[in-house]
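Architecture at a glance
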Amino acid sequence: YNEIFDELSAVSNPDDLSNPDSPQGEAIDWLVNEDGLQLCPGDETLTQRYVLAVLYYSTDGDNWFRCSNTEEGKLNCDREAFLSPVSECQWGGVRCNDGEKVKKIGLDQNNLNGTVPSELGALTNLMILRMCNNLLTGVLPGSIWNISTLETLQIDNNSLE
């Protein structure tokens, strides 16, 4: 746990990681205690898997229309549900490049309700981020603009400031 905590501290505030009620705390707890893949510290996909889990918890993933980690969400998913014990590249709404790095997130019209986590900025190969027609609130984190590969950002029809 400590090695994973230290590694993810480069992406998230350690106070958030330590708070079991924060999306970051929920994500690290899932990664360490529940994730069927049981990634090791230093695994090259650990950070992106964590970031996607933070996105799930930040946006009330259990209530998504499609690809949530619930029985109903799994039925309404063209691929694997989020938090499934397979590569995150197989999760619905996620696409990766040949190097298994996340290049696209498409979760529009999916009842995402909450804030966009700054951790998305750690997805340095992200080219397309589509989260239109949801219930997102708050401010789009500045870290998104630091993703040099980002070509398409579609976040209209939310309640972002």
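Our subject is the structure that appears above.
Before going into details, it helps to say that this report is about the structure given with it. (Residues numbered from 1 in each chain as written. Predicted model: local features only at pLDDT ≥ 70, side-chain atom pairs only at ≥ 80, totals over all residues. Heavy atoms only, no water.)

**Notes on the overall build of the chain**
What counts here: Here a strand is any run of E in DSSP of at least two residues, a helix any run of H or I of at least four, and the numbering for each starts at the N terminus. To get the radius of gyration, use the C-alpha atoms; to get the globule rule, take the number of residues to the power 0.38 and multiply by 2.2 Å. Buried means the residue's accessible area, taken with a 1.4 Å probe over protein chains only, is under 20% of the maximum for its type, while exposed means over 50%, and partly exposed covers the values in between. Two residues qualify as a contact provided that any one of their heavy atoms is within 4.5 Å of a heavy atom in the partner residue. For accessible areas, the Shrake-Rupley method is used with a probe of radius 1.4 Å. Any residue's cover is judged against the shown protein chains and nothing else. Residues counted as positive are Lys and Arg, residues counted as negative are Asp and Glu, and His and the chain ends are not counted. To locate a charge, the coordinates of NZ of Lys, CZ of Arg, CG of Asp or CD of Glu are taken.
If you tally the helices and strands in the chain, you get five helices and seven strands. Traced from its N-terminal end to its C-terminal end, the chain shows the element sequence α-α-α-α-α-β-β-β-β-β-β-β. Relative to the 2.2 N^0.38 estimate, which gives 15 Å for 161 residues, the radius of gyration of the chain is 14 Å and therefore close to what a compact globule would have. When its C-alpha atoms are laid out on the principal axes, the chain stretches across 40 × 35 × 35 Å. Counting all 161 residues of the chain, 45% fall into the buried class. Within the chain, contacts between residues separated by at least 24 positions form 50% of all contacts whose residues are at least 6 apart in sequence. Surface exposure of the chain reaches about 7,800 Å², of which carbon and sulfur atoms provide 43%. Positive and negative side-chain charges in the chain, numbering 9 and 26 respectively, have mean positions lying 12 Å apart.

**Concerning helix 3 (residues 23-34)**
Within helix 3, burial applies to Gln24, Gly25, Ala27, Ile28, Trp30, Leu31 and Val32. Residues of helix 3 that are buried sit in contact with helix 1 (2-8), helix 2 (14-18) and helix 4 (46-58).

**Describing the nonpolar core**
What counts here: Put simply, buried Ala, Val, Leu, Ile, Met, Phe, Trp, Tyr and Cys residues joined by side-chain atoms within 4.5 Å make one nonpolar core.
Counting residues in each nonpolar core, the largest one holds 41 residues, and the members touching the most others are Tyr50, Phe82, Ile105, Leu120 and Met131. Among the elements of the structure, helix 1, helix 3, helix 4, strand 1 (94-96) and strand 2 (102-106) are those that each provide at least two residues to this core. For this core, the element with the most residues is helix 4, which contributes eight residues. Other than its neighbours up to four places away in sequence, phenylalanine 82 contacts Leu52, Tyr56, Trp64, Cys67, Asn69, Trp91, Gly92, Val94 and Leu107.

**Digging into the side chain of asparagine 110**
Checked against the element boundaries, asparagine 110 lands in the loop between strand 2 and strand 3 (113-115). Given a relative accessible area of 1%, asparagine 110 falls into the buried group. Once residues lying within four places of it in the same chain are set aside, the contact partners of asparagine 110 are Trp64, Phe65, Arg66, Asn133 and Asn134.

**A word on the environment of tyrosine 57**
By the secondary structure assignment, tyrosine 57 is in helix 4. Spatially, the C-alpha atom of tyrosine 57 lies 4.9 Å from that of proline 23, the residues being 34 residues apart in sequence.

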